[in-house]
Amino acid sequence: EFKALGLSDLMLQKVAEIGYVTPSEIQKGIIPVLLGGSDAIGKAKTGSGKTAAFLLPVLQRIVLGELKKVLIISPTRELSMQIYDELLLFSVNGIKGVLLVGGKDMKKQVQSLATEYNFIIATTGRLMDHLQRGNLPLNDIELVILDEADRLLDMGFLDETREIMDKVVNKKQTALFSA
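It should be emphasised that the depicted structure is a prediction, and the values quoted were computed from it without experimental measurement. (Residues numbered from 1 in each chain as written. Predicted model: local features only at pLDDT ≥ 70, side-chain atom pairs only at ≥ 80, totals over all residues. Heavy atoms only, no water.)

Caption draft 1: Up close: the overall build of the protein chain. Per the secondary structure count, the protein chain includes eight helices and six strands. From first element to last, N terminus to C terminus, the protein chain shows the α and β order α-α-β-α-β-α-β-α-β-α-β-α-α-β. A globule of 179 residues ought to have a C-alpha radius of gyration of about 16 Å, and the protein chain, at 15 Å, matches this closely. In the protein chain, which comprises 179 residues, the share counted as buried stands at 52%. Counting only contacts in the protein chain whose residues sit at least 6 apart along the sequence, the fraction spanning at least 24 positions is 70%. When the accessible area of the protein chain is evaluated, it comes to approximately 8,600 Å², of which 49% is carbon and sulfur surface. (Helix = DSSP H or I, 4+ residues; strand = E, 2+ residues; numbered from the N terminus. Rg over C-alpha atoms; globule rule 2.2 N^0.38 Å. Buried < 20%, exposed > 50% of the residue type's maximum accessible area, 1.4 Å probe, protein only. Contact = heavy atoms within 4.5 Å. Areas by Shrake-Rupley, 256 points an atom, 1.4 Å probe, with all protein chains shown as cover.)

Caption draft 2: Looking closely at helix H2 (residues 25–35). When we look at burial in H2, the residues that qualify are Ile26, Gln27, Ile30, Ile31, Leu34 and Leu35. In a view along the axis of H2, the buried residues occupy a sector of 125°, so they form one face of it. Elements that come into contact with the buried residues of H2 comprise strand E1 (40–43), helix H3 (50–63) and strand E6 (173–178). (Arc of directions from axis to C-beta.)

Caption draft 3: The pairing of strand E5 (residues 143–146), seen in detail. Of the two faces of E5, the one lined by Leu143 and Ile145 and the one lined by Val144 and Leu146 are each fully buried. Pairing of strand E2 (residues 70–74) with E5, which is carried by four bridges, proceeds in the parallel orientation. Among the inter-strand pairings, Ile73 is bridged to a residue of E5, identified as Leu146. The pairing of E5 with E6 spans four bridges and is classified as parallel. Among the inter-strand pairings, Leu143 is bridged to a residue of E6, identified as Gln173. (Pairing = 2+ DSSP bridges.)

See the structure below:
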């Protein structure tokens, strides 16, 4: 059934390697939308495959040269780390991500930002730290994904999220997800 969603042979191979057999409802709904380049809003319970629903089509679009850089913002360090781990699991063709979260070495994060990468996965607070220090231009970000967007707002990050979004001047697509 993953093939019916429009995933490439390369991504279907990765899905099979990981052991996914049948797409979840969120995957059925979101994968084709993100592959098509449209904005998306998705709501699904924790553990429903939401992260794969946005990573799989975005990885495919990067491999095909349709996207270069993606920013994924989440409200907590733990969630950002989970997304990063899943990116490593699904990653193909040398696609690389940078993890920007509090509690981790800032110097190592700055060094990572000086390398080539396709994904920035970050918490709002640490992303703002890097922006204020001038470590991170966002002018080449083409897709922004706000995971657990409702929690971002509940935790009081509305102003920071707006400020970040204002700095993403070449954004072509936005996706919001909620549990």
